[in-house]
Amino acid sequence: MSILIKNGNIVTASENFIGDIFIEGETISAIGKNLNYEADEVIEASGKLIFPGGIDPHVHLDMPFMGTFSSDSYETGTRAALFGGTTMVIDFILQTQGKSLRSALEEWKGRSDGNAVGDYSFHMAVTDYNENTKPEIREMIEEEGITSFKTFMAYKGALMVDDRQMVGLMEEVKQHGGLINVHATNGDMIDYLVQKNRNEGNRAPIYHYLSQPEVTEAEASERFVDMTNFTGCPGYIVHLTCEGALNAVRNATRRNQHVFVETCIQYLILDASLYEQDFEGAKWVMSPPLREKKDQETLWAGINQGLVNVVATDHCPFFWEQKLMGIDDFSKIPNGHPAVENRMELLYSEGVDKGRITLSKFVEVACTNPAKIFGMYPKKGTISIGSDADLVIFDPNEKHTISAKTHHMNVDYSGYEGWEVTGKVKTVLLRGKVAIDNNECLIPKGYGQFIKRSKVSDKI
Ligand SMILES: NC(=O)NCCC(=O)O
Ligand SMILES: [Zn+2]
Ligand SMILES: [Zn+2]
């Protein structure tokens, strides 16, 4: 099967030009002007942007968490991602404390195998690092192509590791060519504030926010950055939200250290005033919580300064019924919100269309850097000869309104209900197949492949 895409405005992290793309099978075989190849299908793309398929390296699909499961399966979650121009996601496996990484991998495979519509990979969350898990790090990297390891400095009593485990894990991960991801907030301080608020009868969603002030994230980010400096292990901070935390990374650059930073679309465009509305605020109960306007400005600037490398979502949807588990106690509200379908369009609309970032920066943080950092470049994350034909054909002028009535995520509300967006995903190709066209998904469950990843470096 061959496809010729004609006259599109091709955008990569470094280039922007009008041209044609010729696809044979799953990969791109030619790029140029006025290409004259015979193709089984021709797609006219004049007036449209063509960028690489988006990669969201932070999603939680069908994940057991806080006494329930996140509500998107591999099928619904990866399909919704495709509708929004994201052709690949990286999901998190959670080790159960006391059990092996291998058994967690088998559990996650049981839910994901044969069920994904779009491509996916896994990070391995190590929640119990000990002599038994140590040899499994090499196994995951060498045998499974899982090269990134997530740690939680928070969720005390459930997922949190201490600093001793952290440095031990870093040594091992570094030795085998992997990367450490971290949820960097101070779990002990948060646990103290949560219990204090609950004891004082403060049970509304806003107390979730008040139990995780900026200092809890700034302190843990600085500690993590210092530990990666000490061990020499490449590090990546997930869902960074605030000025204090970004300053820890900024300070590290003064000793020529680079730690990768991911923020999420919600931290760029939503703020903590959303918690000021009774239980409705539960829609945005996530960890870390939404912050202030000054933090949004810091994050947009951080993208342009090259300090913030990736914009993800931390997609972790729960039905309203599930959020109601915390109606009497904010600490029981399942943490997370749905966004995987909205990320690319919101980032284009709020970032590029409003002049905060360039088109190439948009591609860099939404497509290219995730591929580079997580060991998939240039197979994924760019438009070049030999790369997978994962492409988004995008109308930069079409306006539309986000709503739970029309989204494809398996959840009954939207954190962005009524949001007016400029720019619309029109057609999406995944490994040479038209996956989305005319608001329809044209590929079946099972088309999505598990992508084994290479060893990583701390340079991009
Ligand atoms: N972020 C969040 O609120 N839920 C998912 C788990 C995590 O990433 O911490
Ligand atoms: Zn987290
Ligand atoms: Zn997460």
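Residues numbered from 1 in each chain as written. Chains lettered and ligands numbered in written order. Predicted model: local features only at pLDDT ≥ 70, side-chain atom pairs only at ≥ 80, totals over all residues. Heavy atoms only, no water.

UniProt records the feature "domain: Amidohydrolase-related" (unreviewed entry) at residues 50-434, using the numbering of this structure. The distance from the first to the last C-alpha atom of residues 50-434 is 14 Å, and the span holds 37% helix and 19% strand. (UniProt positions renumbered as here; feature names shortened; annotations may be inferred. Helix = DSSP H or I, 4+ residues; strand = E, 2+ residues; numbered from the N terminus.)

Looking at the zinc ion (ligand 3), one finds its protein donor set to be H58 (NE2), H60 (NE2) and D314 (OD), positioned 2.0 to 2.1 Å from the metal centre. Geometry at the zinc ion (ligand 3) is tetrahedral, judged from the 4 donor atoms that bind it and their angles of 86 to 134 degrees at the metal. Sequence positions of the residues that donate to the zinc ion (ligand 3) give the spacing H-x1-H-x253-D. Metal-to-metal, the separation of the zinc ion (ligand 3) and the zinc ion (ligand 2) is 3.9 Å. Of this pair, H60 sits in the loop between β6 (54-59) and β7 (64-65) while D314 sits in the loop between β15 (310-312) and α11 (320-323), and the two are 254 residues apart along the sequence. Per residue, the accessibility class of H60 equals that of D314, and both read buried. (Donors = N, O, S within 2.8 Å, 3.2 Å for Na, K, Ca; no water. Tetrahedral: all angles 85-135°; square planar, octahedral: opposite > 155°, others 65-115°. Buried < 20%, exposed > 50% of the residue type's maximum accessible area, 1.4 Å probe, protein only.)

Think of it this way: side chains of opposite charge can pair up when their charged atoms draw near. As enumerated under the stated definition, the model contains 35 salt bridges in all. Between D20 and K6 there is a salt bridge, with its nearest N and O atoms 3.0 Å apart. Of this pair, D20 sits in strand β2 (residues 16-24) while K6 sits in strand β1 (residues 2-11); the two residues are 14 residues apart in sequence, bridging distant segments of the chain. For the pair D20 and K6, one class covers both residues: buried. Among the ionic pairs, K380 bridges to D388, the shortest N-O distance being 2.9 Å. Members of the salt-bridge network, linked through shared partners, are E26, D119, K379, K380, D388, D390 and R431. (Salt bridge = Lys/Arg side-chain N within 4 Å of Asp/Glu carboxyl O.)

The next point concerns the coordination of the zinc ion (ligand 2). For the zinc ion (ligand 2), the full set of protein donor atoms is H183 (ND1) and H239 (NE2), and the range of their distances to it is 2.0 to 2.1 Å. Given a relative accessible area of 1%, H183 falls into the buried group.

Of the residues in the chain, 100% reach a pLDDT of 70 or more, and the chain-wide mean stands at 98. Among the scores for the predicted complex, ipTM is 0.98 and pTM is 0.98. (pLDDT = per-residue confidence, 0-100.)

This part takes up the environment of K323. Examined against the element boundaries, K323 turns out to sit in helix α11. With 97 residues separating them along the chain, K323 and D226 place their C-alpha atoms 36 Å apart. Those residues in contact with K323, other than ones at most four positions away along the chain, are F279, A282, K283, V285, F318, I333, P334, N335, G336 and Y413. Only 3.2 Å separates the side chain of K323 from the backbone oxygen of V285, close enough to count as a polar contact. Engagement of the side chain of K323 in a polar contact is seen with the backbone oxygen of G336, the distance being 2.8 Å. (Contact = heavy atoms within 4.5 Å. Polar contact = N/O pair within 3.5 Å; in protein donor to acceptor, adjacent residues only side chain to side chain.)

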